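Observations on the three-dimensional arrangement
Chain residues, written in single-letter form:
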Amino acid sequence: MVPLVRAERDFRFDQPWVRLGRVLKFWLGQWKQPRYRFAGTLHIFIFTGFLVLAIRAFSVLIVGVSENFVMPGLSGRAGLIYDVITDYAATIVFLCMAIAVIRRLVFKPTRYAVPARYGKDHTADAVFLLSLIAILMMADSLFAAARAAAQSQGGQSVGVLAAFSLPWILRNALVSLPLPALGRLYFGAYLVHEVTFYFLLCYRPFGIQFHVETSLFNIYFAKLDREILKPVRWGVSEEHLDQVKSFGVKTFEDFTWKHMLDFYSCADCGRCSDNCPANAVGRPLSPRFISIKARDYSFQHYPILGHATNGTALVGGKDTSSIYSEDEIWSCTTCGACEQECPLLVEYIDKIVDLRRGMVDDGNVPQSLQKPLKALESRGNPYGKMEKKKADWTAGKEFQQACPVRTLGENSGADTLYFVDSITSYDDRMQAIGRATAKILSHVGESFGILGAAERDSGHEVRRFGEETLFMALRDHNVDAIKASGVRRIVTADPHAYNALKHDYKDVPPVEHISQLIFREVKAGKIKFKPVENDNSTYTYHDPCYLGRHNQIYDDPRDVLDAIPGLKRVEMSRARDRSFCCGGGGLMLFYEPKEEQRMGVKRVQMAAEAGANVIVTACPFCMVNLEDAIKVAGLEGKMTAIDLAELVDQHIVRDGLVAAVC
């Protein structure tokens, strides 16, 4: 508890009823466990068995003092029913322990493996704990069986044992033993049960099962709005950030108490790393070990006996006391796959961003990211392009005639602002997404415009990179420009800008992603589609991380695709909340990571395996990476990528033509 007391503050006491509901769903209901069907089912059986056997464990303890003790409420028929349930529960848990040990030793899933750079393997600890639980179940069953066998020999009324349960089997095997032997077994089973039970309680905080004690609290205090980054310091307003001596996390004590609780609550199951795209392509990042290494650090630097040796730097390659490497922390794309998968709601993005804030505060920025950061500071975009060229994508003569896009000034009278953001404004290929979006807005009759030179980068990637003050400057400039334009709503085709405007900005009009607007207009009948011309094309939709996992927009883009007559769509093996990141989040378009394979390449291979030859996405960052990955993977001519807005623009029925809408 000492590290938690010394940790930074964290406000987690709001909305108690919502938090209680999450406890019922994720802790009691084990909501996320079935996402790994076999292991999850096994865990549900074990968890349920422990809940059922909890009263039994304390009853057995008291029986050692008062042999005829009966827990209040469990006498008569209720007690008989409970005894039958506990017999089966002990049997099921025992069998689950045997299966779990076999899985650990024989059919060991790759997600349990521990690479040498992360320390020792935890198999021995896991098998030891599983064996202790199995011994506990056997001792409990033997205790009940010996008593029942002795009662039957003594002519006493015999308690009910559930047929074919472990106590029932043991009773039948022991019934012929003499009473003295049964008495010794009875007493021996009791001693083994109690010693094992209380040894487990004392040992678990030092092993991989500490989550048994902490998981309920970890889920109760879990973040309610996962898409919103934590502030630099809880309780310190932005106006007073200049009084904060140090930004981010540099030492273990800079973590908040809740993040430390995360470390202790990690079940070491490997689900997070199994779904982490950075880990999948060989980057030096495994979310699981962000937690495990910090927990080991805590045990080492805050021993039960002796003095705390805290205060050492957490990140750095030269200091042997550091537990994280710089590449490890920069490798994260903040895609959220790890948090989506964790059954105990352990948080990672806030920790990664806080560690980056600490490095940025010390001037420790990767070489490849220094130039775009300076450009963002001086020009308001990572490309270093001039502000007056922000609206050049609208300058084509044919486009201007078909869809004139006005630049909004003060109180322009427009209802809708199209927030373009940097990548769509300046990248020649992505400008096509901007033009397609503008044509869609024009087609549905939106009174819209853009900010042009007054628009700066949304700052979404800047903030997740850890440059909080630069983000605040970009945000404040954009907020002023948006308010001055007098618009009532904002539309963007960039999920990163969408996430920033929706969650990181304050006092701006409601924001909508273009996929939401298109779907709404399709339902209203304002958008009708002509059939696809190429029957040989098979489409698949790639969920952008900041549209899908972070904002739960999964169905609207798919429903739009399904509304296009003749379009054949298939799903990739990893889709929706298990979508695989393209690799573009967190300024990753400019970062040069150490990796065995590009994330985008792995993603286009998934599309090919699904039988698709056209990948549709709804994010310019994804488009950059996917189109590049198609070339790297040698799939040019066999596969293409297209943005949802571009696809819709190609198939919209215009000039009074009519087409059926599926």
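One structure accompanies this document, and this report is about it. (Residues numbered from 1 in each chain as written. Predicted model: local features only at pLDDT ≥ 70, side-chain atom pairs only at ≥ 80, totals over all residues. Heavy atoms only, no water.)

1. Observations regarding the overall build of the protein
The line we're drawing: Note on conventions: DSSP H or I runs of at least 4 residues are helices, E runs of at least 2 residues are strands, and numbering of each starts at the N terminus. Each residue is assigned to one of three classes by its accessible area relative to the maximum for its type, calculated with a 1.4 Å probe on protein chains only: buried under 20%, partly exposed between the two thresholds, exposed over 50%. The contact definition used throughout considers only heavy atoms, calling two residues in contact when any of these lie within 4.5 Å. For the accessible areas, the method is Shrake-Rupley and the probe is 1.4 Å, while residue cover comes only from the protein chains on display. The charge count includes Lys and Arg as positive and Asp and Glu as negative, but it does not include His or the ends of the chains. Every charge is mapped onto a representative atom, which is NZ of Lys, CZ of Arg, CG of Asp or CD of Glu.
On a plain count of helices and strands, the protein comes out with 27 helices and 8 strands. By principal-axis analysis of the C-alpha atoms, the protein measures approximately 100 × 60 × 45 Å. Here the protein holds 662 residues, and 56% of them are scored as buried. In the protein, the proportion of contacts linking residues at least 24 apart, taken out of those at least 6 apart, comes to 78%. Of the roughly 28500 Å² of accessible surface on the protein, a fraction of 57% belongs to carbon and sulfur atoms. Looking at charge distribution, the protein has the averaged site of its 77 positive side-chain charges lying 3 Å from that of its 75 negative ones.

2. Focus on helix α21 (residues 468-485)
Quick reminder of the rule: Helix span, as expected, comes to 1.5 Å for every residue beyond the first.
With 18 residues, α21 should reach 26 Å at 1.5 Å per residue; the first-to-last C-alpha distance of 26 Å fits that figure. What α21 keeps buried is the set Glu468, Leu470, Phe471, Met472, Leu474, Arg475, Asn478, Val479, Ala481, Ile482 and Ser485. Against the buried residues of α21 lie α15 (349-361), α16 (367-379), β1 (416-418), α20 (460-465), β3 (489-492) and α22 (495-504).

3. Notes on the environment of Asn551
Just so we agree on the cut-off: In the analysis that follows, any N or O atom pair within 3.5 Å is treated as a polar contact, provided that within protein one partner can donate a hydrogen and the other can accept it, and provided that, for residues neighboring in sequence, both atoms belong to side chains.
Here Asn551 shows up in the loop between β5 (538-541) and α24 (555-562). As a C-alpha pair, Asn551 and Cys332 span 219 residues in sequence and 19 Å in three-dimensional space. In terms of polar contacts, Asn551 uses its side chain to reach the side chain of His503, at 2.7 Å.

4. Brief notes about the sheet that holds strand β4 (residues 511-513)
Keep this limit in mind: Only strands that DSSP links by at least two bridges are regarded as paired with each other. Between N-to-C directions, angles span 0 to 180 degrees; the directions come from axes that are lines fitted to C-alpha atoms, helices contributing only their stretch in contact.
Read from one edge of the open sheet, 4 strands run β2-β1-β3-β4, paired in parallel fashion. Across the chains shown, the open sheet's two edge strands, defined by having one partner strand only, are β2 (448-449) and β4. When β1 meets β3, the two strands line up parallel, connected through 3 bridges. If you follow Tyr418 over to β3, its bridge partner there is Val491. Across the sheet, helix α19 (residues 431-443) touches β1, β2 and β3, and the angle it forms with β1 is around 165°. Helix-sheet contacts for α22 involve β3 and β4, and the interaxial angle to β4 is about 160°.

5. Observations concerning the packing of helix α5 (residues 123-153) against helix α6 (residues 166-174)
Which entries qualify depends on this criterion: The cut-offs work like this: below 35 degrees is roughly parallel, past 145 is roughly antiparallel, 65 to 115 is roughly perpendicular, and the gaps in between are oblique. Note: crossing handedness is left-handed where the near helix turns anticlockwise from the far helix by less than a right angle, and right-handed where it turns clockwise. When residues are grouped by polarity, Ala, Val, Leu, Ile, Met, Phe, Trp, Tyr, Cys and Pro land in nonpolar, Asp, Glu, Lys and Arg in charged, and all others, Gly among them, in polar.
Interaxial distance between α5 and α6 falls to 8 Å at its minimum, and their mutual angle equals 50°. Classed by the angle they form, the pair α5 and α6 counts as oblique. Crossing geometry of α5 relative to α6 is assigned as right-handed. For the pair α5 and α6, contact is made by Met137, Met138, Ser141, Leu142, Ala144, Ala145, Ala146, Ala148 and Ala149 and by Leu166, Pro167, Leu170, Arg171 and Leu174, respectively. Class assignment of the residues belonging to the contact of α5 with α6 gives a composition of 12 nonpolar, 1 polar and 1 charged.

6. Thoughts on the sheet that holds β5
Think of a sheet as strands paired side by side through backbone hydrogen bonds, with each pair either parallel or antiparallel. Spatial strand order, β6-β5-β7-β8: 4 strands in an open sheet with parallel pairing. Two strands lie at the open edges of the sheet, namely β6 (568-570) and β8 (640-643), each paired on one side alone. Within the sheet, the average angular offset between the axes of one strand and its neighbour, ignoring direction, is 35°. Sheet analysis places β5 next to β6, joined by 3 bridges and oriented parallel. In the sheet register, Tyr539 faces β6, and the bridge partner there is Arg569.

7. A word on the packing of aromatic side chains
The line we're drawing: Any two rings among Phe, Tyr and Trp, with Trp reduced to its six-membered ring, count as a pair given centres within 6.5 Å; such a pair is stacked if its planes are under 30 degrees apart, edge-to-face if over 60, and tilted if neither. Geometrically, a charge over a ring is one whose NZ (Lys) or CZ (Arg) sits within 6 Å of the ring centre while staying within 35 degrees of the ring normal.
This model, assessed by the stated rule, comprises 25 aromatic pairs. On the basis of an interplanar angle of 65° and a centroid distance of 6.4 Å, the ring pair of Phe471 and Tyr505 is categorised as edge-to-face. With a gap of 34 residues between them, Phe471 in helix α21 and Tyr505 in the loop between α22 and β4 connect regions that are remote in the sequence. Grouping residues by exposure puts Phe471 and Tyr505 together as buried. Taken together, Phe13, Tyr220, Phe221 and Trp257 form an aromatic cluster joined through their ring pairs. Over the face of the ring belonging to Tyr112 we find Arg104, whose NZ or CZ atom lies 3.9 Å from the ring centre. Here the guanidinium or amino end of Lys351 rests over the ring plane of Tyr348, the centre of that ring lying 5.2 Å away.

8. Quick look at the nonpolar core
This is how it is decided: Residues belong to one nonpolar core when they are buried, are Ala, Val, Leu, Ile, Met, Phe, Trp, Tyr or Cys, and are joined through side-chain atoms within 4.5 Å.
Ranked by internal contacts, the top residues of the largest apolar core, which has 147 residues, are Phe252, Leu314, Tyr324, Ile440, Phe529 and Val616. Here this core gets 7 residues from one element, more than from any other, and that element is α21. Once residues within four sequence positions are removed from consideration, Leu314 is found in contact with Val249, Lys250, Thr251, Phe252, Phe255, Tyr297, Ser322, Ile323, Tyr324 and Leu355. In terms of nonpolar packing, the next biggest core, distinct from the first, is built from 23 residues, Val127, Leu129, Leu136 and Met137 among them.

9. Some words on the pairing of β3
How we decide: By the criterion used throughout, a crossover qualifies as right-handed when its path from the first strand across the helix to the second strand runs clockwise, the strands pointing away from the viewer.
Here β3 runs beside β4; their pairing, made up of 3 bridges, is parallel. Along β4, the bridge assignment pairs Val491 with Glu512. The parallel pair β3 and β4 is bridged by α22, and the resulting crossover is right-handed.

10. As for the pairing of β8
Examined bridge by bridge, strand β7 (residues 614-617) and β8 share 4 bridges and lie parallel to one another. What sits directly across from Thr617, in β8, is Asp643. Traced from β7 through helix α26 (residues 620-632) to β8, the parallel crossover comes out right-handed.

11. Considerations on the pattern of salt bridges
Let me state the cut-off plainly: Only one rule defines a salt bridge in this text: a Lys or Arg side-chain nitrogen within 4 Å of an Asp or Glu carboxyl oxygen.
Summed over all chains, the structure comprises 44 salt bridges. Of the charged contacts, one joins Asp350 and Lys223 as a salt bridge, the two residues approaching to 2.7 Å between their closest N and O atoms. Separated by 127 residues along the polypeptide, Asp350 in helix α15 and Lys223 in the loop between α8 (211-220) and α9 (257-265) bring together distant segments of the chain. For the pair Asp350 and Lys223, one class covers both residues: buried.

12. Description of α5
Over its 31 residues, α5 extends 44 Å from the first C-alpha to the last, a length consistent with the 45 Å expected when each residue adds 1.5 Å. Of all the 31 residues making up α5, 22 are buried; the element is thus mostly covered by neighbouring parts of the structure.

13. Quick notes on the environment of Ala148
Tracing the backbone through its elements, the reader meets Ala148 in helix α5. C-alpha of Ala148 to C-alpha of Trp168: the two residues are 20 residues apart in sequence and 9.0 Å apart in space.

14. Remarks on the side chain of Asp268
Within the fold, Asp268 resides in the loop between α9 and α10 (271-275). A distance of 2.6 Å separates polar atoms of two side chains, one belonging to Asp268 and the other to His122. Looking at Asp268, its side chain comes within polar contact range of the side chain of Arg288, at 2.5 Å. Apart from the residues lying within four places of it in its own chain, the contact partners of Asp268 are His122, Ile208, Arg288, Ile292 and Arg295.

15. Digging into unusual backbone geometry
For Gln552, which is not a glycine, the phi torsion comes out positive at approximately 55°. Mapped onto the secondary structure, Gln552 falls in the loop between β5 and α24. The phi angle at Arg576 is positive, at roughly 55°, despite the residue not being glycine. Secondary-structure assignment places Arg576 in the loop between β6 and α25 (599-609). What makes Arg576 partly exposed here is its relative accessible area of 33%.

Any functional reading would require information that these geometric values do not contain.
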